[in-house]
Amino acid sequence: MNQNFANESQQLKKAIGSWVQDQTQICQIADNAWEIVTFVQDAMGESIYCFVEQKDNYFRVGDDGRTLFKIDPSASDQNLLDSAEELILADGFEYDANTGEIWAQADEESLVTVIMELVQLAAAISYLS
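Every value quoted in this text rests on a predicted model; they were computed, and no experiment measured them.

J.: Help me out: how do you make sense of the layout of surface pockets in this one?
T.: Looking at the largest pocket, its volume works out to about 330 Å³. Lining the largest pocket are 14 residues; nearest its centre among them are T24, I26, I36, V112 and I115. Sorting the residues of the lining of the largest pocket by element identifies helix 1 (3-23), strand 2 (33-41) and helix 4 (111-126) as the ones contributing at least two each. Taken together, the residues of the lining of the largest pocket break down into eleven nonpolar, three polar and no charged.

J.: Any chance you could explain the packing of aromatic side chains here in plain terms?
T.: Aromatic ring pairs: the centre-centre distance and the angle between the two ring planes describe each pair. Per the counting criterion, the structure on display carries one aromatic pair. On the numbers, 5.5 Å between centres and 70° between planes, the contact of W19 with F39 is edge-to-face. On the criterion of sequence distance, the pair formed by W19 in helix 1 and F39 in strand 2 is long-range, its members being 20 residues apart. Judged by relative accessible area, F39 falls into the partly exposed class, the value being 29%. For the cation-ring pair, R66 lies above Y49, with the distance from its terminal atom to the ring centre recorded as 4.0 Å.

J.: Where do I start with the side chain of T38 in this structure?
T.: Within the fold, T38 resides in strand 2. Residue classification places T38 among the buried residues on the basis of a relative accessible area of 4%. A polar contact is formed between the side chain of T38 and the backbone nitrogen of V40, at a distance of 3.3 Å. A distance of 2.8 Å separates a polar atom in the side chain of T38 from the backbone oxygen of I48. The residues touching T38, leaving out its near neighbours within four places in the chain, are Q23, S47, I48 and V119.

J.: How should I be thinking about helix 4 in this particular structure?
T.: A turn of α-helix holds 3.6 residues, and therefore any two residues three or four places apart point the same way. When the terminal C-alpha atoms of helix 4 are compared, their 23 Å separation across 16 residues agrees well with the 22 Å that a helix rising 1.5 Å per residue should span. Of all the positions in helix 4, only L111, V114, I115, L118, V119, L121, A122, A123, I125 and S126 are classed as buried. Buried residues belonging to helix 4 abut strand 2, strand 3 (47-54), strand 4 (59-62), helix 2 (66-71), helix 3 (78-90) and strand 6 (102-106).

J.: Sorry if this is basic, but what is going on with the nonpolar core here?
T.: When a protein is soluble and globular, its nonpolar side chains tend to lie buried together. Ranked by internal contacts, the top residues of the largest apolar core, which has 27 residues, are V61, L68, I88, F93, I115 and I125. Among the secondary structure elements, those contributing two or more residues to this core are strand 2, strand 3, strand 4, helix 2, helix 3, strand 6 and helix 4. The dominant element in this core, judged by the number of residues it contributes, is helix 4, at nine residues. Contacts of L68, omitting those with residues within four sequence positions, involve D63, P73, L81, A84, I88, Y95, G100 and I125.

J.: Any chance you could explain the environment of Q54 here in plain terms?
T.: When you line up the elements, Q54 lands in strand 3. In sequence terms Q54 and D96 are 42 residues apart; their C-alpha atoms lie 19 Å from each other. For Q54, the contacting residues outside a window of four places in its chain are N32, W34 and F59.

J.: Can you help me understand the pattern of salt bridges in this one?
T.: Any two side chains of opposite charge can pair if their charged atoms end up close together. Evaluation of the coordinates by the stated rule reveals four salt bridges. E46 serves as the salt-bridge partner of K70, at 2.8 Å between the closest nitrogen and oxygen. One end of the pair, K70, is in helix 2; the other, E46, is in the loop between strand 2 and strand 3, with 24 residues separating them in the sequence. Its relative accessible area of 24% is what places K70 among the partly exposed residues. The network of salt bridges with common partners includes D42, E46 and K70.

The rules behind each value
- Residues numbered from 1 in each chain as written.
- Predicted model: local features only at pLDDT ≥ 70, side-chain atom pairs only at ≥ 80, totals over all residues.
- Heavy atoms only, no water.
- 1 Å grid on protein atoms, 1.4 Å probe; cavity = no way out; pocket = protein on both sides within 12 Å on 5 of 7 lines; lining within 4 Å.
- Points joined across faces, edges and corners; volume = space filled by probe spheres on them.
- Helix = DSSP H or I, 4+ residues; strand = E, 2+ residues; numbered from the N terminus.
- Nonpolar A, V, L, I, M, F, W, Y, C, P; charged D, E, K, R; others polar.
- Phe/Tyr/Trp six-rings, centres within 6.5 Å; stacked < 30°, edge-to-face > 60°.
- Buried < 20%, exposed > 50% of the residue type's maximum accessible area, 1.4 Å probe, protein only.
- Lys NZ or Arg CZ within 6 Å of the ring centre and 35° of its normal.
- Polar contact = N/O pair within 3.5 Å; in protein donor to acceptor, adjacent residues only side chain to side chain.
- Contact = heavy atoms within 4.5 Å.
- Expected span 1.5 Å × (residues − 1).
- Core = buried A, V, L, I, M, F, W, Y, C linked by side-chain atoms within 4.5 Å.
- Salt bridge = Lys/Arg side-chain N within 4 Å of Asp/Glu carboxyl O.

These figures come from the coordinates and say nothing about function on their own.
Given below as structure tokens:
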């Protein structure tokens, strides 16, 4: 591999990481909980949020019910909710039918991956409506 290309690739990777970091906001909302405003936008052009709560030996990563509420506030479109639920479960997340929350557990090692997967899932679901 060309050494110059390798250096440029590393610089680009750092620049992308810096941009993502600059575009992501994290607010501690409790001793053990954080609200994350991501750089990803949904179908309505709004930032996607996720919430992380640290438990005894794991993290709970969820959307606080925002994703489904935004596409169907009255929770009356059963076909839409069924389609969303299929995506949620196929992606390995849990779904609380009472609150509309999408969530998953993560350990410290998988926390960032689970956050990003939830954000991507929320973006995809937003295009169902």
